[in-house]
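Results of the structural survey
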Amino acid sequence: MQKAVDALVEAVTSGDATQVVPAATAVVTGLVNFAVAVVLGGGLPAPNLPGLPTT
């Protein structure tokens, strides 16, 4: 995750706008993967969301 954030900072400060979107996407993907890993592997209870269809 640190490498992705470092790459984003470098892209933003480089002045090249074409580098920002891929770097930002990598950071968001890393954060989502981290959050999913914590939820699935962290022993948190399953959410109780009545009214939603089951998967």
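See above for the structure.
Cut-off values and rules
Residues numbered from 1 in each chain as written. Predicted model: local features only at pLDDT ≥ 70, side-chain atom pairs only at ≥ 80, totals over all residues. Heavy atoms only, no water. Helix = DSSP H or I, 4+ residues; strand = E, 2+ residues; numbered from the N terminus. Buried < 20%, exposed > 50% of the residue type's maximum accessible area, 1.4 Å probe, protein only. Areas by Shrake-Rupley, 256 points an atom, 1.4 Å probe, with all protein chains shown as cover. Expected span 1.5 Å × (residues − 1). Patch = residues over 30% accessible without salt bridge, like charges linked within 9 Å, V, L, I, M, F, W, Y side chains within 5 Å. Salt bridge = Lys/Arg side-chain N within 4 Å of Asp/Glu carboxyl O. Axes fitted to C-alpha atoms, helices over the stretch in contact; angles between N-to-C directions. Parallel < 35°, antiparallel > 145°, perpendicular 65-115°, else oblique. Left-handed = near helix turned anticlockwise from the far one by under 90°. Contact = heavy atoms within 4.5 Å. Nonpolar A, V, L, I, M, F, W, Y, C, P; charged D, E, K, R; others polar.

Moving on to the overall build of the chain. Assigned secondary structure in the chain consists of 2 helices and 0 strands. Burial analysis of the chain (55 residues in total) assigns 9% to the buried set. Roughly 4,600 Å² of accessible area belongs to the chain as shown, and the carbon and sulfur atoms make up 69% of that amount.

With that settled, consider helix H1 (residues 2–14). Taking 1.5 Å of rise per residue, the 13 residues of H1 would be expected to cover 18 Å, and the 18 Å separating its terminal C-alpha atoms lies within 8% of that figure. The positive-phi residue at the C-terminal boundary of H1 is Gly15, with phi of around 85°.

Our focus in this paragraph is the environment of Leu31. By secondary structure assignment, the location of Leu31 is in helix H2 (residues 20–41). By relative accessible area, Leu31 is classed as partly exposed at 47%. Distance from Leu31 to Met1, taken between C-alpha atoms, is 7.7 Å for residues 30 residues apart in sequence.

A cluster of nonpolar residues, Val28, Val32, Val36, Val39 and Leu40, forms a patch on the protein surface that exposes about 460 Å² of accessible area. Structurally, Leu40 is set in helix H2. Judged by relative accessible area, Leu40 falls into the exposed class, the value being 72%.

Right, let's talk about the packing of H1 against H2 for a bit. Where H1 contacts H2, the axes come no closer than 8 Å and their chain directions differ by 155°. Judged by the angle between their axes, H1 and H2 are roughly antiparallel. Judged by the sense of rotation from one axis to the other, the crossing of H1 with H2 is left-handed. Between H1, through Ala4, Val5, Ala7, Leu8, Ala11 and Val12, and H2, the contact on the second element is made entirely by Val20, Ala23, Ala24, Ala26 and Val27. Considered class by class, the residues forming the contact of H1 with H2 number 11 nonpolar, no polar and no charged.

Looking now at the environment of Ala26. Its location among the elements puts Ala26 in helix H2. Counting along the chain gives 18 residues from Ala26 to Leu8, while the straight-line C-alpha distance between them is 8.4 Å.

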